[in-house]
Structure formats: C-alpha cells, structure tokens
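Structural overview for review
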Amino acid sequence: MIKRILILVIAIQFVGCAELQNVVNNLPNGGGLTQDQIGNGLRQALDKGIKTQVTKLTAKDGFFRNELVKIALPKELQAVDNGLRKIGLGNLADEGIKVLNRAAEDAVKTATPIFVDAVKGITFTDAKDILLGDKNAATSYLQTKTQENLYQSFSPVIENSFAKVGADKVWNNLISKYNSIPFVKKVNPDLTDYVASKALEGVFKMIEVEEKGIREKVGLRNTKLLKQVFALQDGK
C-alpha cells in the first residue's frame, strides 16, 4: 500500500511539471524554457515590483501623497481628527496624520533585504504555482514568506521614527487638546502596531499593482526573459 501511495505522489508531481512543460512547448515561439529560466523570470518580476514600487514608498511623501496607501487615523481616533478640525485645529490634525506616514516611509526602507531573501528562495514548484495562479499570486507568495519578519523589522523603526520627528510630542499635544474638549471620550492609543500593520498593507498593495501590470501589459515586461516567461501565463 505504501509503495502504491509513493508511486501516486511521484506521478502527480510529474504530471504537474508535464502540464507546465506542455504549455512551454506550445508557445508561438516554440517555448524551450528550462525550469531555471522560469524561476529566474519570476524572480525578475518580483525584483521589478520591489525596486519600482517599494522604493517609491520609502521616498518623502511615498505614503502621505499616495492615496492607495496613505495611512489615515485609526477608527478610534477619527473623533480626535473631527473634533480638532471643528475647533480650528485642522493643521494640528494634518501634522498628526503626516507623522504616521513618515514613520511608515522610514520603516519600509528595511524591507528590501527581507524581500531579496524570499525571492532567492523561490523553487520551481513556487514558480509554477505563481505563474499559473491568480493575478496576485507572486504578491501572495511574498506576503506569506515575509510578513512576520517585516512586521518585526518595521516596529522598532516606527518607534524610532516617532521619536526622531517628535511624533510623541505631536500626538501628546494632539490628544491632550482633544481630551480637553468637554464631554468627549478620552483616548490614549499606542500607534506603533497600527502603523506597522498599515505599512505592510501598503507595501503589498503596491507590489500587487506592479505584478498585475506585468501580467496584463506586455509593454511592462522589459527583459527578454520576462516576455518569454509571462507568455506562458498568457496562453494558459
């Protein structure tokens, strides 16, 4: 019985590879890509997403001026924002939001080495699943492989960033002003976890934007290997 199960498992693995190789062989240009080439093509796509989109997020206003990823106040602090604006302290509220985004921009600068390690670890099975998977399959792969390490990397940077730009003073001032408004519910949140989580969301959202572009727009496949490899998914 064990022998039969082993034979079945091996057969399934060969069928998976054979299916992808069949797609390769039936490309208009004749295919002929090796497993290594397919893996390298996926690595190029992920590297492109990281360099193009993650680098943008690390720049000044990379989060703050990007409506796709801009970090707003958490729900429990929306009342703070609204309350301050009602009494003419909109500039203070804006400054509070800005420092959250500045902290995220600083934190994302630590992401690239973590992503590089994950990209290096792509196997042929990973590449096959990514290539013939959903339009965000590469992003999902990175998220699974890196999210925990990224969070651990982001948190201390965000704390330091808050201190560096005086965010602790900004928030103490902002919240104390709000708490002085009569009859409001007093708040005193810890924002590090919130900003770290939102920074992660923003990173993967922008990588997904790049991935979808490469999958859907041939013009964004700017190397010969990218064009060859993603022609496989075009014809799947």
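The notes below deal with the structure included here. Quick caveat: nothing in here was measured; it's all calculated off a predicted structure. Every chain is numbered on its own, with residues counted from 1 as its sequence reads. Under the rules for a predicted model, residues below a pLDDT of 70 receive no local features and side-chain atom pairs below 80 are neither given nor counted, while totals for whole chains, interfaces and linings still include all residues. Hydrogens and waters are ignored; side-chain quantities use all the structure's heavy atoms.

1. Topic: the environment of Leu 33
Under the DSSP-based scheme used, a helix requires at least four consecutive residues in state H or I and a strand at least two consecutive residues in state E, with every element numbered from the N terminus. With respect to the helices and strands, Leu 33 occurs in the loop between α1 (2–25) and α2 (35–58). Using a 1.4 Å probe on the protein chains alone, a residue whose accessible area is under 20% of its type maximum counts as buried, one over 50% counts as exposed, and one in between counts as partly exposed. For Leu 33, a relative accessible area of 6% corresponds to the buried category. The spatial distance from the C-alpha of Leu 33 to the C-alpha of Leu 225 is 9.3 Å, given a sequence separation of 192 residues.

2. Description of the side chain of Thr 146
Mapped onto the fold, Thr 146 is located in helix α7 (residues 137–164). Taking relative accessible area as the criterion, Thr 146 reaches 1% and is therefore assigned buried. The contact rule is simple, with two residues in contact once any of their heavy atoms fall within 4.5 Å. When neighbours within four sequence positions are excluded, Thr 146 is seen to be in contact with Ile 114, Phe 115, Ala 118 and Phe 204.

3. Points about the side chain of Thr 58
Relative to the assigned elements, Thr 58 resides in helix α2. Under this definition, polar contacts are N or O atom pairs within 3.5 Å; protein pairs additionally need one hydrogen-donor-capable and one acceptor-capable atom, and for neighbouring residues in sequence, both atoms have to be side-chain atoms. Within the local environment of Thr 58, its side chain forms a polar contact with the backbone oxygen of Thr 55, the two atoms lying 2.7 Å apart. If near-sequence neighbours (up to four positions away) are discounted, Thr 58 is found in contact with Glu 105, Val 108 and Lys 109.

4. Here we look at the packing of aromatic side chains
When two rings of Phe, Tyr or Trp (its six-membered ring) have centres within 6.5 Å they constitute a pair, described as stacked for plane angles under 30 degrees, edge-to-face for angles over 60, and tilted for the intermediate range. On inspection of all chains with the given rule, the structure shows one aromatic pair. Plain terms: the ring middles of Phe 115 and Phe 204 are 6.1 Å apart, the flat faces sit at 80° to each other, and that makes the pair edge-to-face. Separated by 89 residues along the polypeptide, Phe 115 in helix α5 (residues 111–120) and Phe 204 in helix α9 (residues 192–216) bring together distant segments of the chain. Since its relative accessible area comes to 5%, Phe 204 is described here as buried. Sitting above the plane of the Phe 64 ring, Lys 70 keeps its charged end 4.6 Å from the centroid. Remark: a charge is flagged as sitting over a ring if the NZ atom of Lys or the CZ atom of Arg is within 6 Å of the ring centre and within 35 degrees of the ring normal.

5. Section: the nonpolar core
Core analysis: the biggest nonpolar cluster contains 60 residues, and Phe 115, Leu 142, Phe 154 and Val 195 have the highest contact counts within it. Among the elements of the structure, α2, α3 (75–86), α4 (90–108), α5, α6 (124–131), α7, α9 and α10 (224–234) are those that each provide at least two residues to this core. Broken down by element, the residue count for this core peaks at 10 residues, all from α9. Not counting chain neighbours up to four residues away, the residues in contact with Phe 154 comprise Ala 107, Val 108, Thr 110, Ala 111, Ala 196, Ala 199, Leu 200 and Val 203. Throughout this description, the term nonpolar core refers to a set of buried Ala, Val, Leu, Ile, Met, Phe, Trp, Tyr and Cys residues connected via side-chain atoms within 4.5 Å.

6. Comments concerning the packing of α6 against α7
Whenever a helix is involved, its axis is fitted only over the stretch in contact; in every case the axis is a line through C-alpha atoms, and angles between N-to-C directions fall within 0 to 180 degrees. In contact at an axis separation of 8 Å, α6 and α7 are set at 135° when each is read in the N-to-C sense. Relative to α7, the element α6 is oriented oblique. Each of Asp 126, Asp 129 and Ile 130 in α6 lies in contact with α7, whose residues at this interface are Ala 137, Ala 138 and Tyr 141. For the contact of α6 with α7, the per-class residue count stands at four nonpolar, no polar and two charged. Oblique is the label for every angle not falling under 35 degrees (roughly parallel), over 145 degrees (roughly antiparallel), or within 65 to 115 degrees (roughly perpendicular). All amino acids are sorted into three groups, where Ala, Val, Leu, Ile, Met, Phe, Trp, Tyr, Cys and Pro are nonpolar, Asp, Glu, Lys and Arg are charged, and the leftover types, Gly among them, are polar.

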